[in-house]
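# Structural features, examined
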Amino acid sequence: MPIATTNPVTGEVLKTFDALTDEQVDAAIGRAVTGFRALRATSFEQRAGWMRAAADLLDAEQDDVGALMTQEMGKTLAAAKAEVTKCATACRFYAEHAEQFLADEPVDPSAVGAVRAYARYQPLGPVLAVMPWNFPLWQAMRFAAPALMAGNTGLLKHASNVPQTALYLGELFTRAGFPAGAFQTLLVGSDAVERILTDPRVRAATLTGSEGAGRSIAAIAGRELKKTVLELGGSDPYVVLPTADLDRAAQVAATSRCQNNGQSCIAAKRFIVHTDVYDQFVDTFVAHMSALTVGDPMMDATDVGPLATEQGRADVEEQVADAVDKGATVRCGGKAPEGAGWWYPPTVITDITRDMRIFSEEVFGPVAGVYRAASIDEAIELANATSYGLGANAWTDDPQEQQRLAGELDAGAVFVNGMVTSYPQLPFGGVKNSGYGRELSAAGIREFCNLKSVWIGDSGGADVDSATE
Ligand code: NAP
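In what follows, the accompanying structure is described. Quantities reported herein were computed from a predicted structural model and do not represent experimental measurements.

Our next topic: the overall build of the protein chain. When helices and strands are counted, the protein chain shows 15 helices and 18 strands. A compact globule built from 469 residues would reach a C-alpha radius of gyration of about 23 Å, and the protein chain, at 24 Å, matches this within 12%. When its C-alpha atoms are laid out on the principal axes, the protein chain stretches across 80 × 55 × 40 Å. Relative to its full complement of 469 residues, the protein chain shows a buried share of 56%. Here the contacts in the protein chain between residues at least 6 apart in sequence split such that 72% fall between residues at least 24 apart. For the protein chain, the exposed area adds up to about 19,200 Å²; of that, 50% sits on carbon and sulfur atoms. If the 38 positive side-chain charges of the protein chain are averaged to one point and the 59 negative ones to another, these points end up 5 Å apart.

Spelled out as structure tokens, the structure:
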């Protein structure tokens, strides 16, 4: 994949970049090591000051960075600006809470025969972050803010179609005051990842992206015995039961499916509706999906811009064609317009059977599959009938059903009467083929730490306990 900015509205290549040479990558890893030595010696207070300065830069540059993201991957300008704000919020959140999340955990010294004992979180060193284009700032920030606050350094290999956003991120933290080498962007293709991850100076890796990329990185990291966090794809269910507010459920369903032009890992993708309210829900949902304005992502009135890449649109077209060939019904949308740009309309598909690709695959575009369930049991069975397990949405006002769905849906998050989203305060991640490990919250900052046991005795004390390992 060339490293280039290509406007998805027109398909025009706006700017191309050469990949770094192996020597340049090696030098960057060297700077990450030097930066790590400097960073780990700083206090939480010092790092928090720099992190708050990064947040201030993001706020001040929101319009320009937002427009850059829109130009590189087609999200609406309003969504891009909101993403910048969210990043600033995450920076401030970790600036405020990192010290508390990574505070020493004391242990009763008498229980372990010590004078003093505790567990301490310490940073690991340079961490490779392989990131996707769909939330080009936020995905990288979810890693960067906690990693830097913990004292790790970051090497960002961003998606090849968002190089200018990547370069912005590569300068942001040093502009905010962090030591040189604390966070760098490596403009390289995915073929360079193995070499970087194999370098002994790189201590761990995180990847947000597709299942295939996750498997590849995990295999390399496994061979190298390096820790990984994987945030992969999803095919989130959206269960609607009879006691729900159907109008609201249908409206939020359209927002969830079409946010980020349908290209969000946690977008609801499979809508599982109780048979008693199926017809009413589908009619309202189709009305909301049809009413969305598709157009220039720079315009305020636009709800849905183009898909980010030509290949991405081709994948969606093939998945829809497969369903139609096998007997599915298209309730709205379903056909890409002629002409320049990678547009695809909001689409609702019903009468889906298990042999159709959209039943089991993630659809990364504004295409909703709707399923009928005769009971809550069948709804849960259908919701869990996927290899993914990222998020799950459930709509019901019955408290018992709420508890049952929260407990039985196989996912890293269950949102009841709302749509799955991420907050710095809540852990984020998946189960099954959606990956492992957690970002955000206290769990996220602890992922790339060495939890070190420290035991301090009395040098003139009793015999040592050598009974066990
Ligand atoms: P992708 O093709 O996997 O790309 C993601 C990143 O991985 C890019 O930097 C890409 O580099 C790199 N990459 C691709 N193949 C690789 C390989 N074999 N070895 C090493 N690196 C590799 O994914 P995408 O199409 O950009 O993003 C969409 C996918 O990401 C969807 O499945 C979506 O659900 C998932 N996603 C998950 C989350 C989450 O939090 N769980 C969030 C957002 C997106 P190049 O660009 O150079 O190919």
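Once the structure has been displayed, the description carries forward.
What follows is about the pattern of salt bridges. Using the criterion set out here, one finds 24 salt bridges in the structure. For the salt bridge of Arg223 with Glu194, the shortest nitrogen-to-oxygen distance reads 3.2 Å. Of this pair, Arg223 sits in helix α8 (residues 211-224) while Glu194 sits in helix α7 (residues 193-198); the two residues are 29 residues apart in sequence, bridging distant segments of the chain. Between Asp322 and Lys326 there is a salt bridge, and its shortest N-O distance comes to 2.7 Å.

The next point concerns the packing of aromatic side chains. Enumeration over the complete set of coordinates arrives at 13 aromatic pairs. A network of ring pairs unites the aromatic residues Tyr238, Phe271, Phe281, Phe285 and Trp395 as a single cluster. The ring centre of Phe44 lies 4.8 Å from the NZ or CZ of Arg47, which sits over that ring. The residue whose ring lies beneath Arg142 is Phe428, and the NZ or CZ to ring-centre distance is 4.3 Å.

The next thing to look at is the site of the ligand. Close to the ligand lie 30 residues, the nearest being Trp133, Ser160, Ser210, Leu232 and Glu362. Leu232 places a main-chain nitrogen or oxygen 2.7 Å from a nitrogen atom of the ligand. Glu362 is positioned with one of its side-chain polar atoms (N or O) 2.6 Å from an oxygen atom of the ligand. Here the ligand has 900 Å² of accessible area as a free molecule, and 85% of this is covered by the chains.

Here helix α13 (residues 376-384) crosses helix α14 (residues 399-408) at 25 degrees, and the two axes come no closer than 11 Å. Here α14 runs roughly parallel to α13, going by the angle between their axes. Here α13 runs over α14; the crossing is right-handed. Where α13 abuts α14, its residues Ile376, Asp377, Ile380 and Asn384 lie against Glu401, Arg404, Leu405 and Glu408.

What follows is about the sheet that holds strand β18 (residues 449-456). Taken in spatial order, the 3 strands line up as β3-β4-β18 in an open sheet, and their pairing is antiparallel. Every other strand in the sheet has two partners, leaving β3 (105-107) and β18 as the edge strands with one partner each. In this sheet, neighbouring strand axes are inclined to one another by 25 degrees on average, regardless of whether the strands run parallel or antiparallel. Bridge count between β3 and strand β4 (residues 116-123): 3 bridges; the pairing is antiparallel. Paired with Val107 across the bridge in β4 is Ala117.

This part is about the sheet that holds strand β13 (residues 347-350). Sheet architecture is open: 7 strands sit in the order β12-β13-β14-β11-β10-β15-β16, paired in mixed fashion. Among the strands making up the open sheet, the edge pair consists of β12 (329-332) and β16 (413-416). Going from strand to strand, the sheet's axes swing by 25 degrees on average, the running direction of each strand aside. The sheet contact formed by β13 and strand β14 (residues 367-373) spans 3 bridges and is parallel. Note on β14: the bridge partner recorded for Thr347 is Val367. Here α13 sits on the sheet in contact with β10 (236-240), β11 (268-274) and β14, set at roughly 145 degrees to β14.

Attention now goes to the packing of helix α2 (residues 44-60) against helix α6 (residues 163-176). For any two helices packed against each other, one specifies the crossing angle of their axes together with the interaxial distance. Contact geometry for α2 and α6: axes closest at 8 Å, N-to-C directions at 125 degrees. Judged on the interaxial angle alone, α6 and α2 are oblique. Here the hand of the crossing between α2 and α6 comes out right-handed. Residues Trp50, Met51, Ala53, Ala54, Leu57 and Leu58 of α2 touch α6, and the partners they reach there are Tyr168, Leu172, Phe173, Arg175 and Ala176.

Residue placement: Ser441 occurs in helix α15 (residues 441-446). Among the residues examined, Ser441 registers a relative accessible area of 6% and is labelled buried. Setting aside residues up to four positions removed in sequence, Ser441 forms contacts with Phe93, Tyr94, Phe101, Pro424, Gln425, Leu426 and Pro427.

This part is about the pairing of strand β9 (residues 227-231). Along any regular strand, the residues point their side chains to alternate faces of the sheet. Of all 5 residues in β9, 4 are buried; the element is thus mostly enclosed. Where strand β8 (residues 204-208) lies against β9, 5 bridges are found, and the strand directions are parallel. In the sheet register, Thr206 faces β9, and the bridge partner there is Val229. A crossover links β8 with its parallel partner β9, the connecting element being α8, and its sense is right-handed. Bridge count between β9 and strand β17 (residues 435-436): 2 bridges; the pairing is antiparallel. In the strand pairing of β17, Leu230 is matched with Tyr436.

Even without glycine at this site, Asn261 takes up a positive phi of about 60 degrees. With respect to the helices, strands and loops of the structure, Asn261 is situated in the loop between α9 (246-258) and β11. Residue Asn261 is classed as buried on the basis of its relative accessible area of 1%. Of note, Asn417 is a non-glycine position whose phi angle comes to about 60 degrees, a positive value. By the element assignment, Asn417 lies in the loop between β16 and β17. A residue is classified by how much of its surface remains accessible, and Asn417, at 31% relative accessible area, is partly exposed.

What counts, and at which threshold
- Residues numbered from 1 in each chain as written.
- Predicted model: local features only at pLDDT ≥ 70, side-chain atom pairs only at ≥ 80, totals over all residues.
- Heavy atoms only, no water.
- Helix = DSSP H or I, 4+ residues; strand = E, 2+ residues; numbered from the N terminus.
- Rg over C-alpha atoms; globule rule 2.2 N^0.38 Å.
- Buried < 20%, exposed > 50% of the residue type's maximum accessible area, 1.4 Å probe, protein only.
- Contact = heavy atoms within 4.5 Å.
- Areas by Shrake-Rupley, 256 points an atom, 1.4 Å probe, with all protein chains shown as cover.
- Lys, Arg positive; Asp, Glu negative; His and termini not counted.
- Charge placed at Lys NZ, Arg CZ, Asp CG, Glu CD.
- Salt bridge = Lys/Arg side-chain N within 4 Å of Asp/Glu carboxyl O.
- Phe/Tyr/Trp six-rings, centres within 6.5 Å; stacked < 30°, edge-to-face > 60°.
- Lys NZ or Arg CZ within 6 Å of the ring centre and 35° of its normal.
- Near = heavy atom within 4 Å.
- Polar contact = N/O pair within 3.5 Å; in protein donor to acceptor, adjacent residues only side chain to side chain.
- Axes fitted to C-alpha atoms, helices over the stretch in contact; angles between N-to-C directions.
- Parallel < 35°, antiparallel > 145°, perpendicular 65-115°, else oblique.
- Left-handed = near helix turned anticlockwise from the far one by under 90°.
- Pairing = 2+ DSSP bridges.
- Right-handed = clockwise from strand over helix to strand, strands pointing away.

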